[in-house]
Every structure is written in C-alpha cells, then in structure tokens.
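# Structure assessment
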Amino acid sequence: MKEIKDIINAFDAAVSAKKSMALATVVHVEGSSYRRPGARMLVTDDGQLTGAISGGCLEGDALRKALLAISQQKNKLVTYDTTDDDDNTLGVQLGCNGIVHILFEPIDPEQVNNPIALLKRASAKRQNAVLLTLFSLTGRKDFQPGTCCLYLEKENISEYSVASIVSNDVFLKEIEHAQQIQDSFFKSFVIDGQNLTGFVEYLKTPPSLVIAGAGNDTIPLMDMASVLGWNIIVVDGRNGHATYQRFPKATQVLVSKANDVLTHITPDEQTFFVLMTHNYNYDIALLKELIMLDICPYIGTLGPKKKLDRMFDDLEKDGLTVTEKQKSKIFGPTGLDIGAETSEEIALSVLSEIKAVMNNRLGTFLREKSEPIHNRAGQNLDYSKSVAEGFLCAIQNPI
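As recorded in an unreviewed UniProt entry, the protein goes by the name XdhC/CoxI family protein, listed as coming from Dyadobacter luteus.

## Looking at the overall build of the protein
Along its length, the protein carries nine helices and 16 strands. Taking all 399 residues of the protein together, 47% fall into the buried category. The contacts of the protein with a sequence gap of at least 6 include a subset with a gap of at least 24, amounting to 61%.

## A few points about the pattern of salt bridges
Going through the model one piece at a time under the given rule, you end up with 15 salt bridges. Of the charged contacts in the structure, one is a salt bridge between Asp-236 and Arg-238, with a shortest N-O distance of 3.0 Å. Among the residues examined, Asp-236 registers a relative accessible area of 4% and is labelled buried. Judged by its relative accessible area of 36%, Arg-238 falls in the partly exposed class. For the salt bridge of Arg-310 with Asp-314, the shortest nitrogen-to-oxygen distance reads 3.7 Å. Highlighted residues: Arg-310 and Asp-314, both in helix 7 (residues 305-317), separated by four residues, approximately one helical turn. Among the charged side chains, a network of salt bridges with common partners joins Asp-61, Arg-64 and Lys-65.

## Some remarks on the packing of helix 1 (residues 2-16) against helix 3 (residues 115-123)
It is the contact of helix 1 with helix 3, at a shortest axis distance of 10 Å, that shows an interaxial angle of 125 degrees. As the angle between them shows, helix 1 and helix 3 are arranged oblique. Read as a crossing pair, helix 1 and helix 3 show a hand that is left-handed. The residues of helix 3 that touch helix 1, namely those facing Ile-4, Ile-7, Ile-8, Phe-11 and Asp-12, are Ile-116, Leu-119, Lys-120 and Ser-123. Of the residues that constitute the contact of helix 1 with helix 3, the class distribution is six nonpolar, one polar and two charged.

## Quick word on the pairing of strand 7 (residues 146-152)
Here strand 7 lies mainly inside the structure; seven of its seven residues are buried. Two elements, strand 7 and strand 8 (residues 157-160), share four bridges in a ladder whose sense is antiparallel. Looking at strand 8, one finds that Leu-152 is bridged to Ile-157. Between strand 7 and strand 8, which pair antiparallel one after the other, the connecting turn spans four residues, and Asn-156 there sits at a positive phi close to 55 degrees.

The rules we used
- Residues numbered from 1 in each chain as written.
- Predicted model: local features only at pLDDT ≥ 70, side-chain atom pairs only at ≥ 80, totals over all residues.
- Heavy atoms only, no water.
- Helix = DSSP H or I, 4+ residues; strand = E, 2+ residues; numbered from the N terminus.
- Buried < 20%, exposed > 50% of the residue type's maximum accessible area, 1.4 Å probe, protein only.
- Contact = heavy atoms within 4.5 Å.
- Salt bridge = Lys/Arg side-chain N within 4 Å of Asp/Glu carboxyl O.
- Axes fitted to C-alpha atoms, helices over the stretch in contact; angles between N-to-C directions.
- Parallel < 35°, antiparallel > 145°, perpendicular 65-115°, else oblique.
- Left-handed = near helix turned anticlockwise from the far one by under 90°.
- Nonpolar A, V, L, I, M, F, W, Y, C, P; charged D, E, K, R; others polar.
- Pairing = 2+ DSSP bridges.

Here it is, written out as structure tokens:
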C-alpha cells in the first residue's frame, strides 16, 4: 500500500500543478518478472515517475507508452516479452524469462471514479478492498476497459467507473472468492464476443506496527517500518520518552499504562506488536492483555527466551495459563536469526520476521526454494469455461 499512497500523493501534486498523467499497472505476468500483478507507476506529462513496474529496465519505454496514452486519451495494453535473452527489441536484456502485460490508463481528474480515485477510497480507511481491472490479452487494438470496480469491505459498498460497469451480482461472486482466499486472482470473461481478463485484486490493509517502548533502540524500528509504509504506533508509560519529537514518523505516539493500551487502539489481523520497553512489569502486563486477542497474529518480545519463559511462569502464578495456540503467535526472542547486534540490525531482524509471518513464510534462503519465489496461483485462464451471465458493459463509443 505504500506504493499506492505515494502514487496518490503524486496524483494530488500533479492535479495542483495542472499536469496530465497516466497510470501504468502490471496486470498479468507469464513466467518470471521483477514485479508482480498490481505493481503500479504514475507517469506525468513532464516525465515524472512515481512507483515502479520493473527493476528499472522497462520504465524508459513505459514512459513513452504512457505519454502516448495521455496524448490519445485511450487505454493501452503493452506486452513486454523477456523470454528471449538475445532479443534487443526493448533495448535492454531483462533476463527475467517472462512476459509482462502492462495497462496504461490516462487519468482524468474530473472523472469521479477514475482509477486513482478508486485507489484513494481503498486506502482512506483501514479496511480490506477488492479492485477489478479488465483488459484484453488477445489483441493490441482491442478495447481495454481498465480499472473499473471497487468493493470496500467494512462499508460493504461497490463503486464503479464510468467506462465499464459490472453487474453487482457478478462482482459480488468474485468479491466473495477473493475474501475467502484473501488473495488476488484472474477471471476470464467473454463480453459482446470479446475475450476479457479480469484481475481481481485483493488489497489488504497496510500493516500496523505497535512498538511498546520509546527507548533509543526503537527509533531504527520506526525508521525502517516507515520506509516500508507501515502504520506505526509507539506507546510507553513515560511521557518524557513517548513524544512526536522523538518519533516523527509514527502515526500515533501514546503515553499509556500497559493495561490501558487497548483502550487507545483497535487491533486487527494486520496489527503486529513488539514489546521492547526494557521494563519487565510493563511488558508482562501488556502481554497479558494481548494474548487474549484472537485476532492478533504476532507478539514479539525483546530479550532472551528465558525472559519469555519467566513471563509464562508468572502469568500462570497469577492464574492465567497460556495455551499452545496462544504461544504460537508469541515470538521471543523476537526476530530472525541473522546475527543482529546493533539496534539497526535488530530492527531489520524483527521486521523481516514480521514480514515472514505476515506472508506465512519461514524466512529461509531463497536459493533453497524449489518452487517459484512468487505465488502464481490463479493465473491460468480458460476462456472456454468463462461466463458473461449478468455481466454488463456500458461502454460509450469505444475508440
């Protein structure tokens, strides 16, 4: 979501400066590529790029394609085939051995539900969302509907662009599937005789990191989490330490007793806690509150394992036995084993472990993986089985 936030900020700046712009989105990938479907880049008419659709090798040509889309005010799908290492047509040797399909959409700020407006509403609140982007892989001159539908989970509403409308019943079926698997996937449709691919994108709320502790060693953790675009909450019982001056990149800085922390924040499935106050009584009091939250996926405790064992023993003496299920979400010592020593290295270790837990990974060496790095489930398309029942397209005079 950080990339989306950066694009939204760049969009607002471009509107203020009265610049024209286009959104480039990786909508489908066959084989390997540096970025996966959902990667985005905003291009303004003066050549400013925000976001990324590759490791830098496609951006130059993508700039030219975006400017063409802006000039013609027409969505375009461009395919980059990197499977031939000897092919110099792109002017670069990507070496990714994949085919990347990128959709270019000129953005009209006056259109209420333009693609950036839909992304804005998706990121306005802490809620999961489902975004539908329609495109054709069968011909360069085919009409490309583009980013057309948004569903907001907590508000239980759907919003549609002017260019393309999908009936609510059909969209809801795809929404239910995306929510069930909590992942993005592809769906093929035949509409008015045209084969269209739908990228049903599941947009999770950005991670929220709650750092219990306002010592100097928590500042690198804030800094690195900020680079990742995470929501950051710092909490401590000492008002001289928990200040916005010390933690300027935090979304919230709270001065609170341990047993009152949860009255100030509402954790969700994307909220991760790290206990590093260096105050045993504060940490164990907060741990007692957190282990009762079924929704909390990660609680990290700084310090040796014997400290955590002592916490469990003391909680049991107080009449609270921590179950194995509850222990499974408690990570102590917190962090991956990378030989971290300094505060910065520990921060890297902790955030790496949280990211692994977030994506249900083990944090092992990539070279030891026999399967692809990225999940490729749901990328196979079969138009012979596609249905367009209840699917409505309201397209006025496509060019």
